[in-house]
Amino acid sequence: MVVLGLLVAVPGTAQDDLVFADFDSVEAWQGFELSREQARSGDTSALWREMPATPRVSSSEIPHDW
């Protein structure tokens, strides 16, 4: 199951980090790490840390028949 999250601007995080809310797992996503500290709803979120050093995230498990 693929769950797409909501992009959230989080005060107090580095300018080069973005948080995506409502991620239960980031196993299918290369470039994200799981964050309990930045979760807004649910227990965890996906953190895209140091975007200049990691300029993209990707997943091969996205449904292609949308």
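Above this text is the structure in question.
Residues numbered from 1 in each chain as written. Predicted model: local features only at pLDDT ≥ 70, side-chain atom pairs only at ≥ 80, totals over all residues. Heavy atoms only, no water.

Engineer: Help me understand the overall build of the protein, please; the structure alone is not making it clear to me.
Structural biologist: When you go through the protein residue by residue, the secondary structure sums to zero helices and four strands. Going from N to C terminus, the protein has its helices and strands arranged as β-β-β-β. For the protein, with 66 residues in total, the buried portion stands at 29%. The contacts of the protein with a sequence gap of at least 6 include a subset with a gap of at least 24, amounting to 44%. Accessible area of the protein: about 4,800 Å², with a carbon and sulfur share of 50%. (Helix = DSSP H or I, 4+ residues; strand = E, 2+ residues; numbered from the N terminus. Buried < 20%, exposed > 50% of the residue type's maximum accessible area, 1.4 Å probe, protein only. Contact = heavy atoms within 4.5 Å. Areas by Shrake-Rupley, 256 points an atom, 1.4 Å probe, with all protein chains shown as cover.)

Engineer: Which parts of the structure should I look at to understand the pairing of strand β4 (residues 45-48)?
Structural biologist: The side chains of a regular strand alternate between both faces of the sheet. Here β4 shows a buried face lined by Ser45 and Leu47 and a second buried face lined by Ala46 and Trp48. Direction of pairing for strand β2 (residues 18-21) relative to β4: antiparallel, over a ladder of three bridges. If you follow Val19 over to β4, its bridge partner there is Leu47. Bridge count between strand β3 (residues 33-35) and β4: three bridges; the pairing is antiparallel. Bridging from a neighbouring strand, Glu33 pairs with Leu47 of β4. (Pairing = 2+ DSSP bridges.)

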